[in-house]
Amino acid sequence: NAGVTQTPKFQVLKTGQSMTLQCAQDMNHEYMSWYRQDPGMGLRLIHYSVGAGITDQGEVPNGYNVSRSTTEDFPLRLLSAAPSQTSVYFCASSYRDRGYGYTFGSGTRLTVV
Amino acid sequence: GDSVTQMEGPVTLSEEAFLTINCTYTATGYPSLFWYVQYPGEGLQLLLKATKADDKGSNKGFEATYRKETTSFHLEKGSVQVSDSAVYFCALSDDKIIFGKGTRLHILP
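Residues numbered from 1 in each chain as written. Chains lettered and ligands numbered in written order. Predicted model: local features only at pLDDT ≥ 70, side-chain atom pairs only at ≥ 80, totals over all residues. Heavy atoms only, no water.

1. Overview of the overall build of chain A
Helix and strand counts for chain A come out as 0 helices and 11 strands. For chain A, the α and β elements follow one another from N to C terminus as β-β-β-β-β-β-β-β-β-β-β. Its C-alpha atoms give chain A a radius of gyration of 13 Å, within 12% of the compact-globule value 13 Å for 113 residues. Looking at chain A as a whole, 49% of its 113 residues are labelled buried. Across chain A, the fraction of contacts at a sequence separation of at least 24, relative to all contacts at a separation of at least 6, is 54%. (Helix = DSSP H or I, 4+ residues; strand = E, 2+ residues; numbered from the N terminus. Rg over C-alpha atoms; globule rule 2.2 N^0.38 Å. Buried < 20%, exposed > 50% of the residue type's maximum accessible area, 1.4 Å probe, protein only. Contact = heavy atoms within 4.5 Å.)

2. Describing the interface of chain B and chain A
Of the residues lining the interface, 20 residues belong to chain B; the matching set on chain A comes to 19 residues. Both faces combined, the contact of chain B with chain A buries some 1,600 Å², and carbon together with sulfur accounts for 55% of it. Inspection of the region where chain B meets chain A yields 0 salt bridges. Those elements that place two or more of their residues in the side of chain B that touches chain A are strand 5 (32-38), strand 6 (44-50), strand 10 (86-93) and strand 11 (97-99) of chain B. With 4 residues, strand 5 of chain B is the single largest residue contributor to the side of chain B that touches chain A. (Buried area = accessible area lost by both parts, 1.4 Å probe. Salt bridge = Lys/Arg side-chain N within 4 Å of Asp/Glu carboxyl O.)

3. A closer look at the pairing of strand 5 (residues 42-51) of chain A
Residue and element names in this part refer to chain A. In terms of residue burial, strand 5 counts as a mostly covered element, since 9 of its 10 residues are buried. Pairing of strand 5 with strand 6 (residues 54-57) involves 3 bridges; the strand directions are antiparallel. Bridge pairing links H47 to Q57 in strand 6. (Pairing = 2+ DSSP bridges.)

4. Looking at the side chain of B:Q38
Along the chain, B:Q38 turns up in strand 5. Note on B:Q38: relative accessible area 10%, which makes it buried. Among the polar contacts listed, one links the side chain of B:Q38 to the side chain of A:Q37, at a separation of 2.9 Å. Residues in contact with B:Q38, not counting those within four places in the same chain, are A:Q37, A:F90, B:G43, B:L44, B:A86, B:V87 and B:F89. (Polar contact = N/O pair within 3.5 Å; in protein donor to acceptor, adjacent residues only side chain to side chain.)

5. With respect to the packing of aromatic side chains
Across all of its chains, the model carries 12 aromatic pairs over all chains by this definition. Between B:F62 and B:Y88, the ring centres sit 5.6 Å apart and the planes meet at 40°, which makes this aromatic pair tilted. Taken together, the residues span a long stretch of sequence, with B:F62 in strand 8 (residues 62-65) and B:Y88 in strand 10 at a distance of 26 residues. The cationic tip of A:R68 hangs over the ring face of A:F74; the distance from NZ or CZ to the ring centre is 6.0 Å. (Phe/Tyr/Trp six-rings, centres within 6.5 Å; stacked < 30°, edge-to-face > 60°. Lys NZ or Arg CZ within 6 Å of the ring centre and 35° of its normal.)

This is the structure:
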């Protein structure tokens, strides 16, 4: 099993450009989440989903959109990139059992210039 | 809302020293508690977990006990190694997972 796959691993965008960070899991996990990691800030939740067709906002949702049309995929869209969105982005997934624990992807390092 | 507070780092220890990283939480329900570890340039890996009060999670010599009365889940290891150098995150899980800000650990040979 591949686990949680994130693409791309690195990306440089110009201010105002849009792009989609891809996340796919092959473990049939119901829950999926997107986090951003910034120095000294830990991981902050952007959006999450408890199943196909269901999404909700996390702590820092502004400037990002998500959709969950299938169980496997949970793409994160940056609508109009800003330098403040320079960060490392992690996707994670889990079974519905809150005690299971999340599996993380290896991250996408995004720089907005 | 739910939150996790963990001790700020960095924490620097000599090899074979005893490690404690403090973690306390605030939650309205009965969450599961986790410790994750992040090595440089990598994603987070689940280190250990506990799903109910008084449970002890353990893995790779690390331990943590779910203390409901003190709302704590402190991470301990009796003898650290250089290879334990990493960032450690305490977390709680309800329908989403909430992380602390992380504690960077440096182990000196």
